[in-house]
Amino acid sequence: MSDTRHDPVRGSGAEPVTGPLGRLVVVFDNHIARALTAIAAATGWEVTVLDEAPDADAAGRLGHVDALVVCNHDGEGAVELLRGALGAGVRYVAMMASRHRSAGLLAQLRGEGLDDATLTRLHVPAGLSIGGSSAGEIALSVMAEVVADVHGRPGTPMRAS
């Protein structure tokens, strides 16, 4: 007798994946970016990693992007990339940064005229508050936030949902 309760497709109620669940662009290669790439790929996302922030022409050639994560707040062109992604309507836009750096970035963008509705789409610092500090734990928190955001969920524990 077959027990499908533990089958990752039939027993969990999950739908079989027939293509990528979304397209994630990760900018600035580092330990967190590599861990995020692995987790995103394992969860069914198509991932593109860029070593540097693309200029406007290169960003346009990327095509449709569902989520963008900037993994170095000091990377050349990082703020311009975030601004462009928000303007282009990328659903999830995030940057790795401390709370202090995040507050400064939000103040800067607000001072440039970005409205609160646009700024609420900017996830800085990136990720859910799960208490992790390793590259893999940080990447996990970011990918969890990406998935929650795409599905319009708050990222709370299942028992609270």
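Residues numbered from 1 in each chain as written. Predicted model: local features only at pLDDT ≥ 70, side-chain atom pairs only at ≥ 80, totals over all residues. Heavy atoms only, no water.

A.B. asks: Help me understand the overall build of the protein in this model?
C.D. replies: Regarding its fold elements, the protein presents six helices and five strands. Helices (α) and strands (β) of the protein occur, in sequence order from the N terminus, as β-α-β-α-β-α-β-α-α-β-α. Out of the 161 residues belonging to the protein, those deemed buried represent 34%. When contacts within the protein are restricted to residue pairs at least 6 apart in sequence, those whose partners lie at least 24 apart make up 61%. Accessible area of the protein: about 9,400 Å², with a carbon and sulfur share of 54%. (Helix = DSSP H or I, 4+ residues; strand = E, 2+ residues; numbered from the N terminus. Buried < 20%, exposed > 50% of the residue type's maximum accessible area, 1.4 Å probe, protein only. Contact = heavy atoms within 4.5 Å. Areas by Shrake-Rupley, 256 points an atom, 1.4 Å probe, with all protein chains shown as cover.)

A.B. asks: Can you walk me through the environment of Ser141 in this structure?
C.D. replies: Here Ser141 shows up in helix H6 (residues 135-150). Separated by 14 residues in the primary sequence, Ser141 and Gly127 place their C-alpha atoms 4.7 Å from one another. Those residues within four positions of Ser141 in sequence are excluded, and the remaining contacts are Gly127, Leu128 and Ile130.

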